[in-house]
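# Observations on the three-dimensional arrangement
Each chain, letter by letter, is given below.
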There are 4 protein chains.
Amino acid sequence: MAREDFRFVHRMRVRWVEVDAQGVVFNGNYLTYFDVAMTEYFRVLDFPYQDLADKHGADLVVVRSVTDYHSPARFDDEIDVYVRTGRIGRSSFQLLFEIYRDDEHLISGELVYVNVDIANRSSKPLPHAIRSAIEAYEQGKGSGAE
Amino acid sequence: MAREDFRFVHRMRVRWVEVDAQGVVFNGNYLTYFDVAMTEYFRVLDFPYQDLADKHGADLVVVRSVTDYHSPARFDDEIDVYVRTGRIGRSSFQLLFEIYRDDEHLISGELVYVNVDIANRSSKPLPHAIRSAIEAYEQGKGSGAE
Amino acid sequence: MAREDFRFVHRMRVRWVEVDAQGVVFNGNYLTYFDVAMTEYFRVLDFPYQDLADKHGADLVVVRSVTDYHSPARFDDEIDVYVRTGRIGRSSFQLLFEIYRDDEHLISGELVYVNVDIANRSSKPLPHAIRSAIEAYEQGKGSGAE
Amino acid sequence: MAREDFRFVHRMRVRWVEVDAQGVVFNGNYLTYFDVAMTEYFRVLDFPYQDLADKHGADLVVVRSVTDYHSPARFDDEIDVYVRTGRIGRSSFQLLFEIYRDDEHLISGELVYVNVDIANRSSKPLPHAIRSAIEAYEQGKGSGAE
């Protein structure tokens, strides 16, 4: 997916602790980058992650993650993590991620979140406010200048 | 995939540091569990991870990971990480993972490794010795009693 | 402090993700090892960490950590983490740690825990049951053969 | 130590993955914050960490860390990590850290680095260029406006 399809990007710097003995970021640490960028994405949508539970009764859990590793990030690299919403369903939505270092495409990823009733882990509908915030932002109608 | 299809299992205990504020293991940490179990799997195959590079000229990099989160692991849980080799190609192979807590199925996962020439990151054939060790083990001809 | 002064030891294996680009365990990760070994130490004392809060009303927080790095642990090393209680005060106690790889002394450490009232973070007395369990164990009166 | 004694500060945001089931940052993760801030500190001194080894023949290892935990950081907090050099010896130096959230003092820390000959782990003198860069910066003669 081309970077042009993303409105949101979060720049991060690779930490020493995230790099393994091969000198590259350990494969699982990209999921931390996705999580950090997701948090910033919801902030721009004006849905701070904490509020999702506190104000909107949403308990989002990740049910699937996919990562494709094209080229590794290294210590002290500045990387750009692009985030957008893919599919939105009744109780779930998919976030898509692309990581670049300058113009080099390093990583593609996907996370699927489901809104669950924590007590019995059954799915429940996404709060309307989240759905409309995502749609407004992704259709470029949002006020967010990121 | 049923547990019966796996010869290898590695038992681990969930650490406090691996659990997030929801009281469950952070999604990226399951990739650490896969990595730990993969290391033990290769030990049983008599191919310690260190030897792959040192003795067999293999530089394995992960090119894809997929994780399906059925139910979360929690602090202090003892979990069983099942590992087996799925597809083996000319220069790559796929490892399949299933994580259980007792009889409860928590996680399914997949990692695809490619043997690369580090200098130019082009793929190169898997060492024959690795391929035959995997095949011997998975076909139950190995000596490994794990 | 000599290893002979410790009744408790927990063996662990260094994970790939814990090692940095210099090929050695990142300095902060030894605090994870201390935490894992502390959990096992309390299990042997018959005070599972979860019970400290649930059954004994203790909310232990770490107020100080000290680590002396004599020699580094490396990927796949089997290390022995020795744990004992040092000072016990009215509301706090000190755990002492020594990490060895075979006979080589790698790390010395100390953690100070205080029992706090979470609401206002003021200290409160240690539950009597914890104090007596620690004292019984460290004086060799415990039943635990670890 | 008062914040006024520090020229350098690095602002960070607490990540979800860094918080434990008590909702606070795991004690060992503050050493990651120190490490990130140290990297930025050396960047301002015009001694990128990578150059220490590559250009100046320095192999710095941490031989001691001390952390005092006054009050915990929580998910999504913006924290300020203050860094300054304390003692400088022939082959070692001490970095001092203070972490604040707004005006609240959360953490104090100390790391001692020694320049070693990796082959035999004996200490060797600090490169003159590092010593003078630190002294120039800390005495306010540096060009760095951070």
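Residues numbered from 1 in each chain as written. Chains lettered and ligands numbered in written order. Predicted model: local features only at pLDDT ≥ 70, side-chain atom pairs only at ≥ 80, totals over all residues. Heavy atoms only, no water.

In this section: the overall build of chain A. Broken down by element type, chain A carries three helices and six strands. Of the regular secondary structure in chain A, the N- to C-terminal order runs β-α-α-β-β-β-β-β-α. Computed over C-alpha atoms, the radius of gyration of chain A comes to 16 Å, within 12% of the 15 Å expected from 2.2 N^0.38 for 146 residues, which places it in the range of a compact globule. Across its three principal axes, chain A shows a C-alpha extent of roughly 45 × 35 × 25 Å. Taken across its 146 residues, chain A has 57% of its residues classed as buried. Accessible surface computed for chain A: about 6000 Å², of which carbon and sulfur atoms make up 45%. With 17 positive and 24 negative side-chain charges, chain A shows a spacing of 5 Å between the two charge centroids. (Helix = DSSP H or I, 4+ residues; strand = E, 2+ residues; numbered from the N terminus. Rg over C-alpha atoms; globule rule 2.2 N^0.38 Å. Buried < 20%, exposed > 50% of the residue type's maximum accessible area, 1.4 Å probe, protein only. Areas by Shrake-Rupley, 256 points an atom, 1.4 Å probe, with all protein chains shown as cover. Lys, Arg positive; Asp, Glu negative; His and termini not counted. Charge placed at Lys NZ, Arg CZ, Asp CG, Glu CD.)

Before going further, it helps to examine the relation of the copies chain A and chain B. Once chain A is rotated about the relating axis by 180° and shifted along it by 0.0 Å, it coincides with chain B to within an RMSD of 0.0 Å. In short, the pair behaves as if placed about a two-fold rotation axis. Closest approach to the rotation axis within chain A is made by the C-alpha atom of Val66(A), at a distance of 2.2 Å. Comparing interface residues between copies, 100% of those in chain A also lie at the interface in chain B; the contact surface is shared. (Least-squares fit on C-alpha atoms with pLDDT ≥ 70 in both. Contact = heavy atoms within 4.5 Å.)

Residue and element names in this part refer to chain C. In terms of strand pairing, strand S1 (residues 8-13) meets strand S3 (residues 78-88) through six bridges, oriented antiparallel. Paired with Met12 across the bridge in S3 is Ile79. The pairing of S3 with strand S4 (residues 92-101) spans seven bridges and is antiparallel. Bridging across to S4, Asp80 finds its partner in Tyr100. A loop of three residues connects S3 with S4, the two strands running antiparallel in sequence. (Pairing = 2+ DSSP bridges.)

By convention, interface size is frequently given as the accessible area that disappears when the constituent parts associate. Taken residue by residue, the interface counts 21 residues in chain A and 21 residues in chain B. Between chain A and chain B, a total of about 1800 Å² is buried, with carbon and sulfur atoms accounting for 44% of that surface. In this structure, the connection of chain A to chain B is made through two salt bridges. A salt bridge links Asp68(B) to Arg64(A), with the nearest nitrogen and oxygen atoms 2.9 Å apart. Along the contact surface separating chain A from chain B lie eight residue pairs in polar contact (both at pLDDT 80 or more). Contributions of two or more residues to the side of chain A that touches chain B are made by helix H1 (29-44) and strand S2 (60-69) of chain A. Per-element tally for the side of chain A that touches chain B: the top contributor is S2(A), with nine residues. Grouping the amino acids of the side of chain A that touches chain B by side-chain chemistry returns nine nonpolar, eight polar and four charged. Where S2(A) meets strand S2 (residues 60-69) of chain B, five bridges bridge the pair, whose relative direction is antiparallel. Looking at the pairing, Ser65(A) lines up with Thr67(B) of S2(B). (Buried area = accessible area lost by both parts, 1.4 Å probe. Salt bridge = Lys/Arg side-chain N within 4 Å of Asp/Glu carboxyl O. Polar contact = N/O pair within 3.5 Å; in protein donor to acceptor, adjacent residues only side chain to side chain. Nonpolar A, V, L, I, M, F, W, Y, C, P; charged D, E, K, R; others polar.)

In this section: the side chain of Thr85(C). Residues and elements named next belong to chain C. The residue Thr85 is located in strand S3 in this model. At 2.7 Å, the side chain of Thr85 forms a polar contact with the side chain of Tyr41. Those residues in contact with Thr85 that sit more than four places away from it in its chain are Tyr41, Phe93, Gln94, Leu95, Ile134 and Glu138.

What follows deals with the relation of the copies chain D and chain B. With an RMSD of 0.0 Å, chain D superimposes on chain B once it is rotated by 180° and translated 0.0 Å along the axis. By residue overlap, the copies meet face to face through one surface: 100% of the interface positions of chain D are interface positions in chain B.

On the side of chain B, eight residues touch chain D, which itself brings eight residues to the contact. Of the roughly 800 Å² buried between chain D and chain B, counting both surfaces, carbon and sulfur atoms make up 74%. It is Trp16(D), Val17(D) and Ala21(D) in chain D that bury the most area against chain B; as a group they hold 60% of the surface buried on that side. Along the contact surface separating chain D from chain B lie two residue pairs in polar contact (both at pLDDT 80 or more). Tallied by class, the residues present in the side of chain D that touches chain B amount to five nonpolar, two polar and one charged.

Glancing now at the confidence of the model for chain A. All names here are of chain A. Scored by pLDDT, chain A comes out at a mean of 91, with 95% of its residues at no less than 70. The low-confidence segment residues 142-146 (pLDDT under 50) makes 10 contacts with residues lying over four places distant or belonging to another chain. Here the complex is predicted with pTM 0.94, and the ipTM for its interfaces comes to 0.92. (pLDDT = per-residue confidence, 0-100.)

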